[in-house]
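# Secondary and tertiary structure notes
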Amino acid sequence: MRYCLAIDIGASSGRHIVGWKEGGQLRTKEVYRFPNRALTQGGHLVWDVEGLLASVETGIEQALEEFPEMSSLSIDTWGVDYVLMTGDRARFPCFCYRDSRTAEAVDQVHERIPFSQLYRRTGIQFQPFNTLYQLYADQMAGRLEGVTDFLMLPCWLMYRLCGAKVHEYTNATTGGLVSAGTGEYDLELVRALGLPEGLFPKLERPGTVIGQYRGMDVILCATHDTGSAVEGIPMAENAPYISSGTWSLLGVKTDRPLTGRESELANWSNEGGVDCNRYQKNIMGMWIVNRLRDELCPEKSFGEIVAEAEASAFPGTVDANAGGFLAPDSMKDAFDEALPQRPQAVGGYFRCAYRSLALSYRNAIRELERHTGRTYEKLYIVGGGAKNQFLNRLTAELTGKEVVALPIEATALGNLNIQFQYWEETK
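Residues numbered from 1 in each chain as written. Predicted model: local features only at pLDDT ≥ 70, side-chain atom pairs only at ≥ 80, totals over all residues. Heavy atoms only, no water.

## What to know about the overall build of the chain
A count of helices and strands for the chain gives 15 helices and 18 strands. Its C-alpha atoms give the chain a radius of gyration of 21 Å, within 12% of the compact-globule value 22 Å for 427 residues. When burial is assessed residue by residue, the chain has 59% of its 427 residues classed as buried. The contacts of the chain with a sequence gap of at least 6 include a subset with a gap of at least 24, amounting to 71%. (Helix = DSSP H or I, 4+ residues; strand = E, 2+ residues; numbered from the N terminus. Rg over C-alpha atoms; globule rule 2.2 N^0.38 Å. Buried < 20%, exposed > 50% of the residue type's maximum accessible area, 1.4 Å probe, protein only. Contact = heavy atoms within 4.5 Å.)

## Quick notes on the pairing of strand S2 (residues 13-22)
Judged by how many residues are buried, S2 sits mostly within the fold: 8 of 10 residues are covered. In this structure, strand S1 (residues 3-9) lies alongside S2, joined through 7 bridges in antiparallel fashion. Each residue of the ladder has a partner; that of alanine 6, found in S2, is isoleucine 17. Pairing of S2 with strand S3 (residues 25-35) involves 10 bridges; the strand directions are antiparallel. Looking at the pairing, lysine 21 lines up with leucine 26 of S3. Counting the residues between successive antiparallel strands, the hairpin from S2 to S3 contains 2 residues, one of them, glycine 23, with a positive phi of roughly 60 degrees. (Pairing = 2+ DSSP bridges.)

## Describing the pattern of salt bridges
On inspection of all chains with the given rule, the structure shows 29 salt bridges. Ionic pairing is found between glutamate 237 and lysine 378, a salt bridge with its closest N-O pair at 3.7 Å. Taken together, the residues span a long stretch of sequence, with glutamate 237 in the loop between helix H8 (225-231) and strand S13 (241-244) and lysine 378 in strand S17 (residues 378-382) at a distance of 141 residues. Look at glutamate 237 and you get partly exposed, because its relative accessible area is 31%. (Salt bridge = Lys/Arg side-chain N within 4 Å of Asp/Glu carboxyl O.)

## Some thoughts on the packing of helix H10 (residues 286-296) against helix H13 (residues 346-372)
Taken N-terminus to C-terminus, the directions of H10 and H13 make an angle of 170 degrees; their axes are 10 Å apart at the nearest point. Judged by the angle between their axes, H10 and H13 are roughly antiparallel. For the pair formed by H10 and H13, the contact residues are Met286, Ile288, Val289, Leu292, Arg293 and Leu296 on the first element and Val346, Tyr349, Phe350, Ala353, Tyr354 and Leu357 on the second. (Axes fitted to C-alpha atoms, helices over the stretch in contact; angles between N-to-C directions. Parallel < 35°, antiparallel > 145°, perpendicular 65-115°, else oblique.)

## A few points about the nonpolar core
Membership of the largest hydrophobic core comes to 124 residues, with the highest contact counts inside it found for Ile60, Trp156, Leu177, Ile288, Phe335 and Tyr354. Here this core gets 11 residues from one element, more than from any other, and that element is H13. Excluding anything up to four places from it in sequence, tryptophan 156 contacts Val49, Glu50, Leu53, Val83, Met85, Ala90, Phe92 and Leu151. Within the second largest apolar cluster, 10 residues are counted, among which are Ile233, Tyr380, Leu406 and Ala410. (Core = buried A, V, L, I, M, F, W, Y, C linked by side-chain atoms within 4.5 Å.)

Okay, structure coming up:
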């Protein structure tokens with residue numbers, strides 16, 4: 001029996017899931033789970049990446065205690081964030097994408113290269129936290145002096161395990177520096193921005209073995225978690241998906257990037273997948289719900305919260321993707337400022353949040369069908385948000401699609417699928 005380990009790390013938690021094949025079916029067992037959150041340090045939001053590494057290693061030890069004959073492992077995380085390095089030494093802090101440090105860098109980048117030109121070259125939607133703007137902010141602050149490498153977070157974690165410095169394709173594309181045409185770093189763009197060209201090597205694809213750790217092969221999965229999630233969705237047809245977590249990533253697989261003016265203006269993204277392009281849009285997700293819960297009713301379960309939201313008659317909605325909801329000091333205040341009338345009870349805030357998310361999904365589906373020239377009957381939803389039957393019902397009602405909600409660990413499944421595909425191809 002062959003066993004593989006998927007280490008899937010999100011912005012609020014991480015998990016170690018062992019997978020094996022039984023009767024041709026992939027079976028899984030979660031062996032370790034740990035919390036994760038951004039910390040405030042020196043007025044900035046940062047990640048405790050050494051703490052993440054310690055949790056990764058602890059989880060691997062637990063996995064090996066139960067499954068000592070593990071063949072391989074791989075790690076996926078959220079996109080855009082990275083660790084700067086000088087030789088083998090990390091240069092901290094590792095900033096969190098929700099930090100506001102890129103405000104000035106965005107304007108300066110667009111003075112050098114207008115966003116329309118950036119979009120035509122990379123096909124990546126504008127987000128102020130894209131790796132492109134973060135690296136430029138580092139350059140402005142003098143943080144790139146003496147830097148020899150930068151590694152996206154999952155690749156840095158795997159480097160610490162096996163010693164290999166690599167840049168994996170799917171995660172690299174999230175940052176806005178990869179050519180939509182070649183699938184490699186756009187070195188003309190790098191030079192135009194004055195970034196050190198030596199920081200941008202050839203990209204490695206999912207399914208590549210990069211080293212060993214404790215006798216296990218370290219294999220690149222689609223290290224951007226959404227890239228792995230899409231590979232873990234059991235769909236017979238090519239239908240739209242929502243990977244519903246801190247963010248809601250809504251998209252569909254396409255043969256090629258769609259980088260026209262219509263896609264640019266609607267802020268759609270073209271990110272790397274496994275033998276496909278992922279045409280998708282970042283939509284605010286469970287982040288707003290989780291922050292409301294932390295502030296308004298941390299003692300309540302999500303079952304209670306959903307019940308109160310369903311019972312509420314509050315009619316208001318907000319633009320869930322507005323910048324004011326990205327990292328407010330108070331999520332309740334952000335809702336209050338965006339609403340002409342404030343909810344009178346806690347359930348009203350959550351009803352507003354869920355309806356606003358469903359409206360965002362409806363609008364995105366309409367854009368998706370217009371841009372691809374296709375009409376879709378189904379919408380697959382995976383991840384933590386797929387467990388929310390109230391949100392699923394709102395989404396079905398507003399989009400008019402058959403919602404297939406799969407409350408599965410799709411990201412870990414996709415991570416494992418890529419590992420098993422490697423082993424099947426090397427028999």
